[in-house]
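Single-letter residue listing:
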Amino acid sequence: MMKMTTATVALCFASGGVLAQDATLTIESWRAEDQAIWDDVLIPAFEASHPGIQVDFAPTAPTEYNAALNARLDGGTAGDLIVCRPFDGSLALYQRGHLADISDLDGLDNFPDFAKAAWQTDDASASFCVPMASVIHGFIYNADAFAELGIEEPGTVEEFFAVLDTIQQDGTYTPLAIGSADQWEAATMAYTNIGPTYWNGEEGRQALIDGSAKFTDPQYVRPFEVMERWADYMGRAFQAQGYTDSQNLFTLGRAAIYPTGSWEIGGFNDQAFFEMGAFPPPVEAEGDTCYISDHTDIGIGMNTATDNPEAARAFLEWIASAEFAQLYTNALPGFFSLSNAQFEVEDPLAQEMISWREECESTIRVAHQILSRGEPNTWNNMWTVSANVFNDAATPAEAAAALQQGLEAWYEPQQN
């Protein structure tokens, strides 16, 4: 990256803006697949309104990102801007002094508290990354199959199972495209997809953190009970079915409903030959509050060792803007800005899913903040027990008890 003294940058800003090529910012990221979006859409938009600041997007392969970034940070060669994973990984970077406190950044108040929490200290006294995007959980379905079978989007749990019965009885399609072989699907696409409906979203998540609720309470057992019923509709070989198998089963038109998240939209738009729709997790009874997992996924912060702090802050302020929110959401359908800004979403499936924010309460995956810092790791434990429920290797009560026992083993607020 280009070296500039803080005094030089400050002088340039004081004189009404930096001059051409006064600062070059490098972005560290694990999302190499977004290179064209940054190069062709996002960076040109920023540079057009910020003459004198040039930006380079320099990603690392996802499997190598954490180790490579840490090595560059320790060696003083990392980029000016760091794309942040949510919660503990980025918190550790802040605690080690690698991410700057940006609590006073203009535009940070454009984001809801649950979004900022992914990149804050536990007491919310410091923020170190600007929220960029979330992914929303729900159900994507084959709209052509629904029309063919004369069925409509379900609103309640019993309507959901009535739809599954209709699909099953027809025999043309596997009702649910989900397997248990990879385990994480069971936790991500099932338990933390429908679970917020039962534990009331943020209320239930925070109750586990403060110790006022336990996984063995009915609201955390109930999602497992619903998942247990799913197994009858997942196809005969679902125990051997992995994530890619589920994707292919759906995009090839052989399954009617895909429990998933919005991150699939871009790929499905390219692969599916049929019209698609989406519906949020069904509620227990008509009129109940709808809850969605609107999971904080990507943020971006400033390397404390940057030679261009003013330019880096200018870039982060732009990331917090309504302009970026609209550009990013439309350039990468299914990755939604976490900003409160109002903007038009162009992709119809993405538009449908982001519209749920208006009718449902948003929360995040229940085990991702604080609850997975110890051993056994609650999130990894959730993979295993969720798959066990699908596989009839554990009852819902046993799955919940295993989560609670694991959490109590190391988390003090739950040890009472």
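What counts, and at which threshold
Residues numbered from 1 in each chain as written. Predicted model: local features only at pLDDT ≥ 70, side-chain atom pairs only at ≥ 80, totals over all residues. Heavy atoms only, no water. Helix = DSSP H or I, 4+ residues; strand = E, 2+ residues; numbered from the N terminus. Contact = heavy atoms within 4.5 Å. Axes fitted to C-alpha atoms, helices over the stretch in contact; angles between N-to-C directions. Parallel < 35°, antiparallel > 145°, perpendicular 65-115°, else oblique. Left-handed = near helix turned anticlockwise from the far one by under 90°. Nonpolar A, V, L, I, M, F, W, Y, C, P; charged D, E, K, R; others polar. Disulfide = S-S within 2.5 Å. Buried < 20%, exposed > 50% of the residue type's maximum accessible area, 1.4 Å probe, protein only.

## Thoughts on the environment of Ala45
Piece 1. Among the structural elements, Ala45 can be located in helix H2 (residues 35-49).
Piece 2. When the C-alpha positions of Ala45 and Asn380 are compared, they lie 40 Å apart, and in sequence the two are 335 residues distant.
Piece 3. The contact partners of Ala45, leaving out residues within four places of it in the chain, are Trp318, Glu323 and Leu327.

## Comments concerning the packing of helix H8 (residues 184-194) against helix H11 (residues 218-230)
When two helices pack together, their arrangement is given by the angle between the helix axes and by the axis-to-axis distance.
Piece 1. Where H8 meets H11, the axes come as close as 9 Å, and the angle between the chain directions of the two elements is 125°. Judged on the interaxial angle alone, H11 and H8 are oblique. Viewed along their axes, H8 and H11 form a crossing whose handedness is right-handed. Facing H8, whose interface residues are Ala186, Met189, Ala190, Tyr191 and Ile194, H11 presents Tyr220, Pro223, Phe224, Val226, Met227 and Trp230.
Piece 2. Looking at the contact of H8 with H11 residue by residue, the classes come out as eleven nonpolar, no polar and no charged.

## So, the state of the cysteines
Piece 1. Counted by the stated rule, this structure contains two disulfides.
Piece 2. Across a sulfur-sulfur distance of 2.1 Å, Cys84 and Cys129 are joined as a disulfide pair. Taking the sign of the S-S torsion, -75° for the link of Cys84 and Cys129, the bridge is left-handed. You can see Cys84 sitting in strand E3 (residues 81-84) and its partner Cys129 sitting in the loop between helix H5 (113-116) and strand E4 (130-142), a full 45 residues away along the chain. Take Cys84 and Cys129: they sit in the same class, and that class is buried.
Piece 3. The disulfide bridge from Cys290 ends at Cys360, spanning 2.1 Å between sulfur atoms. Between Cys290 and Cys360, the S-S torsion sits near 70°, and that sign places the bridge as right-handed. One end of the pair, Cys290, is in strand E8 (residues 290-302); the other, Cys360, is in strand E9 (residues 360-363), and 70 residues separate them in sequence.

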